[in-house]
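Working through the structure, step by step
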Amino acid sequence: MHSITMKVPLRAYLLFTATCSSARAFYNPHSPSSPSTFLNMSTTSPSTNLTQAKQLISKAISIGAPAYNAGDINKCATVYQDTAKEITSLGIPSALQSELLAEIDNNETSNDNAKAWALRRIFDSIVDYTLPLTPYSEPQIPSVTLEPFTQTQLPNEPLGVMDNVMGGISRGSWISKANTFFGETSLANNGGFASLRWRFPQKQNWSYAKGIYIKGLRHSKPMEHTFRIILKDDNCERVRLANYKVVFANPDQVQDQPLLIPFTEFDQMEQMGNSLVGSPSFNPMVVTEIGIMAIKPTVVGEFQLEFEEWGLYV
């Protein structure tokens, strides 16, 4: 393993990590018992604004859901419409903002019931959105050492894990010589994700490192698409379909600085997208798998992600 020492930002630009149950409970979309759960968020303006939007959505649902269930569908639709107008300027991702504005201006929605459903679907997507880690240049940049993954450490060909395990039809492929992940996600059959997984022949001890870096990151629809890094440790192997994920992107297509993803951000074990409350944080002493994922709501349709190299930073 060769290493490279260079000036890079010690921390990536962490905006926030959020977990939401309302989108997963959408099959009863107007139920008052599907609250949103907000986790620790940074004080940067984009995060604060999006947090405020999510709180307003939660409030709207707490009013609209009981009204809907009591038969006052007009009140529910009105509350949702007023809230939609209020949150359009609060840091909503561009694709979701366009969808929201289109529905606000849509006078062809046939009735209050259809309007309530349409807005609630968009609300769920907004609440389920997580702002990503991105490459970020700081005024004072410390030195870190980059250790690229080697062929003996990381197998060339990953295992593709797609939503066909749930009946979906999404697809994804890997070009090893170009470090390129591409494919297409589809919402058909309740699907919406494509991922690649590299299983380590032997458990890796990464406790000496601070995290994972990705250098020369480029991807499709920079202002819209976000992706996920997946890690599994020995604890995940004891829980079916469990892993840790962190959202990342390169919206400004920064090329002169790598993206740094600290291990400390892998603080919540997940199972099928649901947080496992009380689970331990990621253990870098016994790493069994690493992966990359494209998933709804930010990636729907064709996508491509590529990078020069990736590995550990110390």
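All values reported here derive from a predicted model rather than from experimental measurement.

With that settled, consider the pairing of strand 11 (residues 227–233). Consecutive side chains along a regular strand alternate between the two faces of the sheet. Along strand 11, seven of the seven residues are buried, which leaves the element largely enclosed by surrounding structure. By the alternation rule, side chains of strand 11 split into F227, I229, L231 and D233 and R228, I230 and K232, which are all buried. In terms of strand pairing, strand 11 meets strand 12 (residues 242–248) through five bridges, oriented antiparallel. Within the sheet, the bridge partner assigned to L231 lies in strand 12 and is Y244. When strand 11 meets strand 16 (residues 287–295), the two strands line up antiparallel, connected through seven bridges. Across the sheet, the residue bridging to I230 is G291, located in strand 16.

Our next topic: the packing of helix 3 (residues 94–104) against helix 4 (residues 112–127). The geometry of helix 3 relative to helix 4 is characterised by a closest axis approach of 10 Å and an angle of 165° between their N-to-C directions. Taken together, the axes of helix 3 and helix 4 are roughly antiparallel relative to one another. Pair helix 3 / helix 4 crosses with left-handed handedness. Residue-level contacts link L96, E99, L100, E103 and I104 of helix 3 to K115, A118, L119, I122, F123, S125 and I126 of helix 4.

An order of 6-7-17-10 is seen for the four strands of this open sheet, with the pairing classed as antiparallel. Each edge of the open sheet carries a strand with a single partner, namely strand 6 (171–175) and strand 10 (218–219).

Overall, the coordinates contain ten salt bridges when judged by the stated rule. The salt bridge involving E289 is made with R197; its shortest N-O contact spans 3.4 Å. Here the residue E289 occupies a position in strand 16, and R197 occupies one in strand 8 (residues 193–204), the gap between them amounting to 92 residues. For the pair E289 and R197, a shared accessibility class is recorded, and that class is buried. Between K203 and D234 there is a salt bridge; the shortest N-O distance is 2.9 Å. Placement of the pair is K203 in strand 8 and D234 in the loop between strand 11 and strand 12, with a sequence separation of 31 residues. Residue classification places D234 among the buried residues on the basis of a relative accessible area of 18%. Linked by salt bridges that have partners in common, R197, R199, E237 and E289 make up one network.

What follows is about the nonpolar core. If you look at the biggest cluster of nonpolar residues, it comprises 39 residues, and the most contacted ones within it are W206, I229, F248, I290 and W310. Looking at this core, the elements with two or more residues in it are strand 8, strand 9 (211–215), strand 11, strand 12, strand 13 (259–262), strand 16, strand 17 (301–306) and strand 18 (309–313). The residues touching F248, leaving out its near neighbours within four places in the chain, are P132, L133, I214, L217, T226, F227, R228, I229, L259, I261, I292 and L305. Of all hydrophobic cores here, the second largest spans 27 residues; its members include A53, A60, A77 and I122.

With that out of the way, let us pick up the pairing of strand 13. Every second residue of strand 13 is oriented toward a common face, with L259 and I261 on one face and L260 and P262 on the other, all of them buried. Here four bridges tie strand 9 to strand 13, and the two strands are oriented antiparallel to one another. Residue pairing in the sheet places Y213 in a bridge with L260 of strand 13.

With that out of the way, let us pick up helix 4. Over its 16 residues, helix 4 extends 22 Å from the first C-alpha to the last, a length consistent with the 22 Å expected when each residue adds 1.5 Å. Of the residues making up helix 4, those classed as buried are K115, A116, A118, L119, R120, I122, F123, D124, I126 and V127. Taking the backbone nitrogen of N113 as reference, a side-chain oxygen 3.1 Å away marks N111 as the first, capping residue of helix 4.

What follows is about the sheet that holds strand 8. Read from one edge of the open sheet, seven strands run 5-8-16-11-12-14-15, paired in antiparallel fashion. The open sheet has two edge strands with one neighbour each: strand 5 (159–162) and strand 15 (274–275).

Attention shifts here to the side chain of N250. Inspection of the secondary structure puts N250 in the loop between strand 12 and strand 13. Judged by its relative accessible area of 1%, N250 falls in the buried class. Side-chain polar atoms of N250 contact the backbone nitrogen of V254, separated by 2.9 Å. Those residues in contact with N250, other than ones at most four positions away along the chain, are P135, L217, H219, P222 and Q255.

With that settled, the discussion passes to the confidence of the model for the protein chain. Low pLDDT means the predicted coordinates in that region are not meant to be read closely. Model confidence for the protein chain is summarised by a mean pLDDT of 82, while 82% of its residues fall at 70 or above. In the model, residues 1–44 has pLDDT below 50 throughout and makes 133 contacts with residues more than four positions away in sequence or in other chains.

Our focus in this paragraph is helix 2 (residues 73–87). The end-to-end C-alpha separation of helix 2 is 21 Å, in line with the 21 Å expected for 15 residues at 1.5 Å each. Taken residue by residue, helix 2 has C76, A77, V79, Y80, Q81, T83, A84 and I87 as its buried positions.

For the rest of this paragraph, the subject is the packing of aromatic side chains. Applying the stated criterion to the full structure yields 15 aromatic pairs. Ring geometry for Y80 and F123: centres 5.5 Å apart, planes at 70°, overall edge-to-face. Of this pair, Y80 sits in helix 2 while F123 sits in helix 4, and the two are 43 residues apart along the sequence. Taken as a pair, Y80 and F123 share a single burial class, namely buried. Relative to F248, the ring of F227 lies with its centre 6.3 Å away and its plane at 35°, an arrangement referred to as tilted. Of this pair, F227 sits in strand 11 while F248 sits in strand 12, and the two are 21 residues apart along the sequence. By the burial criterion, F227 is buried, and F248 matches it. Following the ring pairs from residue to residue traces out a cluster consisting of F149, W174, W198, F200, W206, Y244, F263, F266, F282, F307 and W310.

Definitions and limits used
Residues numbered from 1 in each chain as written. Predicted model: local features only at pLDDT ≥ 70, side-chain atom pairs only at ≥ 80, totals over all residues. Heavy atoms only, no water. Buried < 20%, exposed > 50% of the residue type's maximum accessible area, 1.4 Å probe, protein only. Helix = DSSP H or I, 4+ residues; strand = E, 2+ residues; numbered from the N terminus. Pairing = 2+ DSSP bridges. Axes fitted to C-alpha atoms, helices over the stretch in contact; angles between N-to-C directions. Parallel < 35°, antiparallel > 145°, perpendicular 65-115°, else oblique. Left-handed = near helix turned anticlockwise from the far one by under 90°. Contact = heavy atoms within 4.5 Å. Salt bridge = Lys/Arg side-chain N within 4 Å of Asp/Glu carboxyl O. Core = buried A, V, L, I, M, F, W, Y, C linked by side-chain atoms within 4.5 Å. Expected span 1.5 Å × (residues − 1). Polar contact = N/O pair within 3.5 Å; in protein donor to acceptor, adjacent residues only side chain to side chain. pLDDT = per-residue confidence, 0-100. Phe/Tyr/Trp six-rings, centres within 6.5 Å; stacked < 30°, edge-to-face > 60°.

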